[in-house]
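Structural features, examined
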Amino acid sequence: MSIIVLALSMVTAPPVHHHFECEYITSTTTGQIVNRKTVEGDVETGSKRETWNNVTVAIGQAEAKPMSFMDGFAYDPTDKEALQKPETFKGFPAMAVEAKNLVWDTIMFESFAKSGKGLAPAESKFYKSGDVKLAGAGTFTNNAIQLTGLGTAKLSGHDCRVMKYDAFFNKVEVKTPGMHLDGRSHYWGEIWVDAKGGEIVLGTLYEDVLGDLTLGDAKTSTTINVLREGKITLQ
């Protein structure tokens, strides 16, 4: 019996692979689109290690370009404190906020999925967060994150428990060399979790950021609106 127990303890769960795609649409406050940018990549997830590869960025209709600095980028997703420190992202360009967002958004989905386990349809709970340091690029202050159970459904052959999340009137301040954004964020979406294995089958993200943008040494700022549409899918 002890040999069987030992053998079972040595079996590790197979890695889980996801693809994450997120589009950034920048517009004026009257809805005139100024810029579109799409960032996407593949992540192998695990309880103590996550690794990114094949990350690209495309501006407008231009051909996607590799963000090679993310190839093999790995971290412990449970170490939330380390993921808020600049040294964790020391190989990243200073302006690569969208690349860091891939990491933070993935961990957000995982954290919400775990916290929302067991929610009955229409049952809600608040997820505690507060200030999140953006690894030397500013601070995001969550106001109130609410998770709500939606029930169960089948997706891509998986029996899933489904939940939604939302957080409104959050303060965001981003500071990178040559750019300062001071504004607010609303974000929301859904998460579909395999009821048996616990892996995320689908996660959606919508975020609306409104803020004052100052570039370089400019004396005045411009009010801009950034809409993010993200989707993480099980591969």
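Notes on the structure in this doc start here. All values derive from a computational prediction rather than experimental measurement. (Residues numbered from 1 in each chain as written. Predicted model: local features only at pLDDT ≥ 70, side-chain atom pairs only at ≥ 80, totals over all residues. Heavy atoms only, no water.)

Counting secondary structure elements, the protein contains two helices and 13 strands. For 235 residues, the compact-globule formula gives about 18 Å, and the C-alpha radius of gyration of the protein, at 19 Å, lands near that figure. Each principal axis of the C-alpha atoms in the protein carries an extent, and together these give about 75 × 40 × 35 Å. A total of 235 residues make up the protein; the buried ones form 42% of that total. (Helix = DSSP H or I, 4+ residues; strand = E, 2+ residues; numbered from the N terminus. Rg over C-alpha atoms; globule rule 2.2 N^0.38 Å. Buried < 20%, exposed > 50% of the residue type's maximum accessible area, 1.4 Å probe, protein only.)

The end-to-end C-alpha distance of helix H2 (residues 97-115), which contains 19 residues, comes to 26 Å, matching closely the 27 Å that a straight helix rising 1.5 Å per residue would cover. Of all the 19 residues making up H2, 17 are buried; the element is thus mostly covered by neighbouring parts of the structure. (Expected span 1.5 Å × (residues − 1).)

Right, let's talk about the side chain of His19 for a bit. In this structure, His19 sits in strand E1 (residues 16-27). A polar contact is formed between the side chain of His19 and the backbone oxygen of Gly41, at a distance of 3.3 Å. Among residues more than four places away in sequence, those in contact with His19 are Glu40, Gly41, Asp42, Lys231, Ile232, Thr233 and Gln235. (Polar contact = N/O pair within 3.5 Å; in protein donor to acceptor, adjacent residues only side chain to side chain. Contact = heavy atoms within 4.5 Å.)

Okay, the pattern of salt bridges next. Between side chains of opposite charge, a pair can form when the charged atoms approach closely. On inspection of all chains with the given rule, the structure shows nine salt bridges. Note that Lys37 and Glu98 form a salt bridge whose closest N and O atoms lie 3.2 Å from each other. Placement of the pair is Lys37 in strand E2 (residues 33-45) and Glu98 in helix H2, with a sequence separation of 61 residues. Residue classification places Glu98 among the buried residues on the basis of a relative accessible area of 17%. Here Asp182 ties to Lys171 by a salt bridge, and the two come within 2.9 Å at their closest N and O atoms. Of this pair, Asp182 sits in strand E11 (residues 179-194) while Lys171 sits in strand E10 (residues 158-176), and the two are 11 residues apart along the sequence. Members of the salt-bridge network, linked through shared partners, are Asp105, Glu207 and Arg228. (Salt bridge = Lys/Arg side-chain N within 4 Å of Asp/Glu carboxyl O.)

Turning our attention to the nonpolar core. If you look at the biggest cluster of nonpolar residues, it comprises 49 residues, and the most contacted ones within it are Trp52, Met70, Val103, Phe109, Tyr165, Tyr187 and Ile191. Excluding anything up to four places from it in sequence, Val103 contacts Trp52, Met70, Phe73, Tyr75, Leu83 and Phe89. By size, the runner-up hydrophobic cluster in this structure holds five residues, among which are Cys160, Val162, Val201 and Leu202. (Core = buried A, V, L, I, M, F, W, Y, C linked by side-chain atoms within 4.5 Å.)

Let's shift gears to unusual backbone geometry. We note that Asn54 has phi near 55°; this positive angle belongs to a residue other than glycine. Judged by its relative accessible area of 52%, Asn54 falls in the exposed class. With a phi angle near 75°, Ala122 is a residue other than glycine that sits in the positive phi range. In this structure Ala122 comes out as exposed when scored by relative accessible area, which is 66%.

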